[in-house]
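# Summary of structural features
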Protein chains: 2
Amino acid sequence: MVGKLKRYLIGKPMKSNALEDEKLSKLKALAVLSSDALSSVAYGTEQILLVLMTVGAAALWYSLPISIAVLGLLTILILSYRQTIFSYPSGGGAYIVSKDNIGVTSGLMAGGSLLVDYILTVAVSSSAGTDAITSAFPGLHDHRVLISLIMITFLTLMNLRGITESASVLALPVYLFVISIFVLIVCGIIHYATGGVSAPAPHYGATLSSVSLFLLLKAFSSGCSALTGVEAVSNAIPNFKQPAEKNAASTLLMMGAILGAMFIGISLLAYWYGIQPNEKETVVSQIADATFGRGTIYFIIQGVTALILFLAANTAYSAFPLLAFMLAKDKFMPHMFMVRGDRLGFSNGIIILGLLSALLVIAFHGDTENLIPLYAVGVFIPFTLSQLGMMIRWIKLRPAGWIVKLLINTVGMLTTLSITLIFIITKFEQVWMIFVFLPLVMLLFHRIYLHYENTANELRINLALDKPVIKGSTIVIPVAGITRVVLNTISYAKSLTDNVVAVYIAFDEEEIHRMEAKWEEWNPGVRLIVLRSRYRSVMKPLIKFIETVEWKTAESDHITILIPQFITKHWWQNILHNQTSLLIRTYLFTQKDIVIATVPYHLNR
Amino acid sequence: MVGKLKRYLIGKPMKSNALEDEKLSKLKALAVLSSDALSSVAYGTEQILLVLMTVGAAALWYSLPISIAVLGLLTILILSYRQTIFSYPSGGGAYIVSKDNIGVTSGLMAGGSLLVDYILTVAVSSSAGTDAITSAFPGLHDHRVLISLIMITFLTLMNLRGITESASVLALPVYLFVISIFVLIVCGIIHYATGGVSAPAPHYGATLSSVSLFLLLKAFSSGCSALTGVEAVSNAIPNFKQPAEKNAASTLLMMGAILGAMFIGISLLAYWYGIQPNEKETVVSQIADATFGRGTIYFIIQGVTALILFLAANTAYSAFPLLAFMLAKDKFMPHMFMVRGDRLGFSNGIIILGLLSALLVIAFHGDTENLIPLYAVGVFIPFTLSQLGMMIRWIKLRPAGWIVKLLINTVGMLTTLSITLIFIITKFEQVWMIFVFLPLVMLLFHRIYLHYENTANELRINLALDKPVIKGSTIVIPVAGITRVVLNTISYAKSLTDNVVAVYIAFDEEEIHRMEAKWEEWNPGVRLIVLRSRYRSVMKPLIKFIETVEWKTAESDHITILIPQFITKHWWQNILHNQTSLLIRTYLFTQKDIVIATVPYHLNR
């Protein structure tokens, strides 16, 4: 039943060698990996305007130079990540690059930061998508958490089905979004050029005493939140069709170009239209309204924008399981993240990401907006570490043209470092949590690594010296009476060794005599020892007996406890039988170095 | 930790031979077993008056003859149960008497009816006790369910501590209740005799056309609810100190005398004082108020009454586990009800009773008043069956003086049968459920019995013919690599037989070669078979391999699957290791007649 449902939701299992067919072409990769970055266009300009507006409408002209600065930063990031892709063709996320060039601790800082970030991405964007839906249908407002959870479930299932299938489903909305924003920008420019705009643009270059450097930096850093998601491509190189690194680099450039053009286009239109940020209506909505009026095109733009905000989460579904796989391969995360599921995806990573982000949505009752700055810092820390790693790499390896490459990464590093600091300084009350959980996550990585190392050391043998040693064998059979199960078990034991003893726990004298007499009558060729329990406990005398046997023979013999057990036909029938054998098994298993074997007898009725 | 808490709540384990010390003296037995019956005094008279009041205050005089009829019924019940006690000195509840003399089905009907009834008793009286508390402290009204659950938990723990301890705790409130009601009756009579009552008593003997036979019967049956709990003593004979039957019989007589005197006393005072039933104040409260005024004595009476209503539940805690034990001994209920706990009580019965009644309280949100008639019918069905059983017994055995005995039981049977019918006719809308759940419970008993019988038949062997058969042995060891655990397991296997084969599941060609080469280098003297899994599943190829081995050797050999397993030091470390061995074990265990043994290796760190 469960199996059938799983097949229906996720699809048939796929052979391991089908992995190559699951790889992404450039166009599909763009759809899967860029939704996070592109969706930032929907709120990037607005974030800048919101900060400037705190001083007054006259300051809004600053949004133009700030947007250009963000565009410059985007260019630097794209260029430096392009360099990373060619240096790390098998996947060069911030984790790998930092670990390789700076050291393990930096790698774990980058990796931990990104892992937490992907969880935040899913929580934040599913909440944002839900807000878009409930704005359109206010009646659904009370069911926000439920809607977010349904969305997360949907994304989780899509990704469990496999990445190409999810790419096919997700490509359409991504491209629709890109097309509709470009249509908006082109029509908007025409509209402005033909003098269709009545509101005056803010006076460009007006100096305002109230505008401080702090404010401008805060506005800049807010705009930088549009750059989150850029790193997704460099993490995901192994998912690309061959030649993977070339395809990944082209995809990255395409994404950068589209993102840059859309961002600067929206910022320009907002400036020309003299748009002021407004709690009730987004900037994109205002521009669309002013350009087309509230007609069909307006609603298409709004609908596709809501959709892309929600799909931004999908980028995390590609990146999280891959990063978890890499960390697990290096023993910093549990092995289970290395297992490919029926559909060849790292299903444990996908499921854990879905579960943790769902928990976050539930914990914050769907109000995850406050997590956005935290999430931006979580991106810029690995950005900085990754650039620093590349710098060290160029200095060490010094390939042809390394000075230019070093220069690009140095500029990139300094910029992202500054932005990280700006974030921490200007929005400390929203990002302080990172100083708590990042060390915790890194500690956890470290503890996991230690456990795996210790286990491996304990289990390692010397192939030349450590060989099997043959010993004698003593078998103890706890019996609860003389039945077919006991007969079976004794047959089995006697086939292995002559050294077999049966133990019976009696509660009174009468029972002792009865059992002894019956055993003598049966005479199965095995000695019976009857123990008396004064406290009606079977476990205690049995364990004491086993300890005596252990003490006497552990040196010379392997000791085996053979538990006769009948298996009921239906699981609920178990309630009718005392589960003493399970208790015995669990206790001995966890406490003693003794072999515990169950000899099953399956009941037919 | 859990063990310590258990010790603290329940006490140290007791030796089996301490059982005799746990037996009840007459006075303690009266406290434990009569609280249910005696507590009925608090509402018995009121139930009669409430029915009569539907016609008018003039009809209230009928309460006197009805009370006398109830007293007569009580006498008959006490006399006939006294006969049962002497006939069944080892415990003669309705289940035993009906099963012995009428047949198994009647026994199960009586037993099932009583079992359900005890659960109802606990639910109803804990709710009633809670109502008494929340009447005094209205602020607690929102926490009624919680208070009931705390009370049930308290009673469950007291009973798990053992019966004499619970008797010591419970005796005081029971005797306080009896004393305070007698003080009330005596002072009330003096008060009336000295002319202290102003309200006129209803005109005795006034004929009223509106009073139908149906109404009188309904009033009578309502009064009979005061008789529930009388059967508790005859069930509990094994709990009495020697000579058990004599002590039980005296206790029953004492209880009957006290109950009868209190009941008729309250009814008489209610008549003399001209008391009318009132939603806001109980009859006992009105009498106490009229006698003493709202002083200290009044509040003592009210408090003790509330306490006794709540403690009525305790009777069920004595009776339910004993009845469950008897049913389990006859294979109609799970074996677990036969196990005596650390403190020598039938702890499973006590716990199940507590759980089920707590569920009932939760399901009804603490409003269990509607269950009272159901609960009365549940008592009178076994009453009737038990009397019928005794009648048949006298006719069969014909001991000295059997005619008188038969007469007593016949009168008893006819009366209780009539009351059962009156209940069903006059309160059908409240008792119809018994016709649904009683057959269900009986069906369940029957199914459990069948399962035990089938299991016993399947497992039974012929001591003379069925002897152990010695066969060969084949051991299969699934290995995940070459480690100390595998070394251990191979050492063990080779100590038992030479017929050992190791199986390794590989996912690609390279892995196959690597493993084969390493195994050859190690050369542990055991053949390695490497299987390739195309779907990344370890289970499927392994099971297929085991099935092949089974097909080839099951005739000649016992097949053993030896699972090498390291045990982590802390349970949470298990999350870091794939639990494949557990999966393999569970599958094989439930599906195949193959011995599965785990060779543990305990990690030190």
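As shown above, the structure is provided for reference.
Below is a short write-up of the structure. (Residues numbered from 1 in each chain as written. Chains lettered and ligands numbered in written order. Predicted model: local features only at pLDDT ≥ 70, side-chain atom pairs only at ≥ 80, totals over all residues. Heavy atoms only, no water.)

### Quick look at the overall build of chain A
A count of helical and extended segments in chain A gives 23 helices and 5 strands. Since a compact globule built from 605 residues should have a radius of gyration of about 25 Å, the 33 Å found for chain A marks it as more spread out than a globular shape. Overall, chain A is about 110 × 60 × 45 Å in size when its C-alpha atoms are taken along their principal axes. Going through the 605 residues of chain A one by one, you find that 56% of them count as buried. Restricting to contacts in chain A with at least 6 residues of sequence separation, those with at least 24 account for 80%. Surface exposure of chain A reaches about 26,000 Å², of which carbon and sulfur atoms provide 65%. With 45 positive and 36 negative side-chain charges, chain A shows a spacing of 6 Å between the two charge centroids. (Helix = DSSP H or I, 4+ residues; strand = E, 2+ residues; numbered from the N terminus. Rg over C-alpha atoms; globule rule 2.2 N^0.38 Å. Buried < 20%, exposed > 50% of the residue type's maximum accessible area, 1.4 Å probe, protein only. Contact = heavy atoms within 4.5 Å. Areas by Shrake-Rupley, 256 points an atom, 1.4 Å probe, with all protein chains shown as cover. Lys, Arg positive; Asp, Glu negative; His and termini not counted. Charge placed at Lys NZ, Arg CZ, Asp CG, Glu CD.)

### Quick look at the packing of aromatic side chains
Residues and elements named next belong to chain A. Inspection of the entire model under this criterion finds 20 aromatic pairs over all chains. Each ring, one from Trp-61 and one from Tyr-62, has its centre 4.0 Å from the other, and the planes form 25°; the classification is stacked. For the pair Trp-61 and Tyr-62, a shared accessibility class is recorded, and that class is buried. Connected via pairs of aromatic rings, a cluster forms that spans Tyr-81, Phe-380, Phe-383 and Phe-423. (Phe/Tyr/Trp six-rings, centres within 6.5 Å; stacked < 30°, edge-to-face > 60°.)

### Looking at the side chain of Ser-39 of chain B
Residues and elements named next belong to chain B. With respect to the secondary-structure elements, Ser-39 resides in helix α2 (residues 26-39). A relative accessible area of 2% means that Ser-39 is categorised as buried. Apart from residues no more than four positions distant in its own chain, Ser-39 is found in contact with Ile-308, Leu-309 and Ala-312.

### Concerning the relation of the copies chain B and chain A
For the match of chain B to chain A, the screw axis carries a shift of 0.0 Å, the RMSD comes to 0.1 Å, and the turn is 180°. Given the turn and translation reported, the copies of this chain are related as if by a two-fold rotation axis. When each C-alpha of chain B is compared by its distance to the rotation axis, Ala-597 of chain B comes out closest, at 1.9 Å. With an isologous cut-off of 70% or more, the 100% of interface residues of chain B that recur at the interface of chain A puts this contact in the isologous class. (Least-squares fit on C-alpha atoms with pLDDT ≥ 70 in both.)

### Details of the interface of chain B and chain A
Counting residues at the interface gives 79 residues for chain B and 80 residues for chain A. A combined buried area of about 7,300 Å² lies between chain B and chain A, and 59% of that area is made up of carbon and sulfur atoms. Linking chain B with chain A are 2 salt bridges. Between chain B and chain A we count 24 residue pairs in polar contact (both at pLDDT 80 or more) in total. For the side of chain B that touches chain A, the secondary-structure elements that each account for two or more residues are α19 (434-459), α20 (484-496), α21 (509-522), β4 (557-567), α23 (580-591) and β5 (595-602) of chain B. The biggest single contributor to the side of chain B that touches chain A is α20 of chain B, with 9 residues. Partitioning the side of chain B that touches chain A into residue classes produces 36 nonpolar, 24 polar and 19 charged. Across 3 bridges, the pairing between strand β5 (residues 595-602) of chain A and β5 of chain B is antiparallel. Residue Ala-597 of chain A lies in a different strand from β5 of chain B, and its bridge partner there is Ala-597 of chain B. (Buried area = accessible area lost by both parts, 1.4 Å probe. Salt bridge = Lys/Arg side-chain N within 4 Å of Asp/Glu carboxyl O. Polar contact = N/O pair within 3.5 Å; in protein donor to acceptor, adjacent residues only side chain to side chain. Nonpolar A, V, L, I, M, F, W, Y, C, P; charged D, E, K, R; others polar. Pairing = 2+ DSSP bridges.)

### What to know about the nonpolar core
Generally speaking, soluble globular proteins have nonpolar side chains that are buried together. Formed by 140 residues in total, the largest nonpolar core has its most connected members in Val-230, Ile-287 and Leu-327 of chain B. Of the residues forming this core, the biggest block, 13 residues, is contributed by helix α11 (residues 244-272) of chain B. Other than its neighbours up to four places away in sequence, Leu-327 of chain B contacts Tyr-95, Leu-108, Leu-115, Phe-332, Met-333 and Phe-445 of chain B. The next biggest cluster of nonpolar side chains, apart from the first, holds 138 residues, and it includes Leu-227, Phe-240, Leu-322 and Phe-423 of chain A. (Core = buried A, V, L, I, M, F, W, Y, C linked by side-chain atoms within 4.5 Å.)

### Observations concerning the environment of Gly-345 of chain B
Residues and elements named next belong to chain B. Relative to the helices and strands, Gly-345 resides in the loop between α14 (313-329) and α15 (347-363). Gly-345 sits in the partly exposed class, given a relative accessible area of 22%. Sequence spacing of Gly-345 and Ser-318 is 27 residues, and the spatial spacing of their C-alpha atoms is 9.3 Å. Here Gly-345 is in contact with Val-339 and Arg-340, once residues within four sequence places are set aside.

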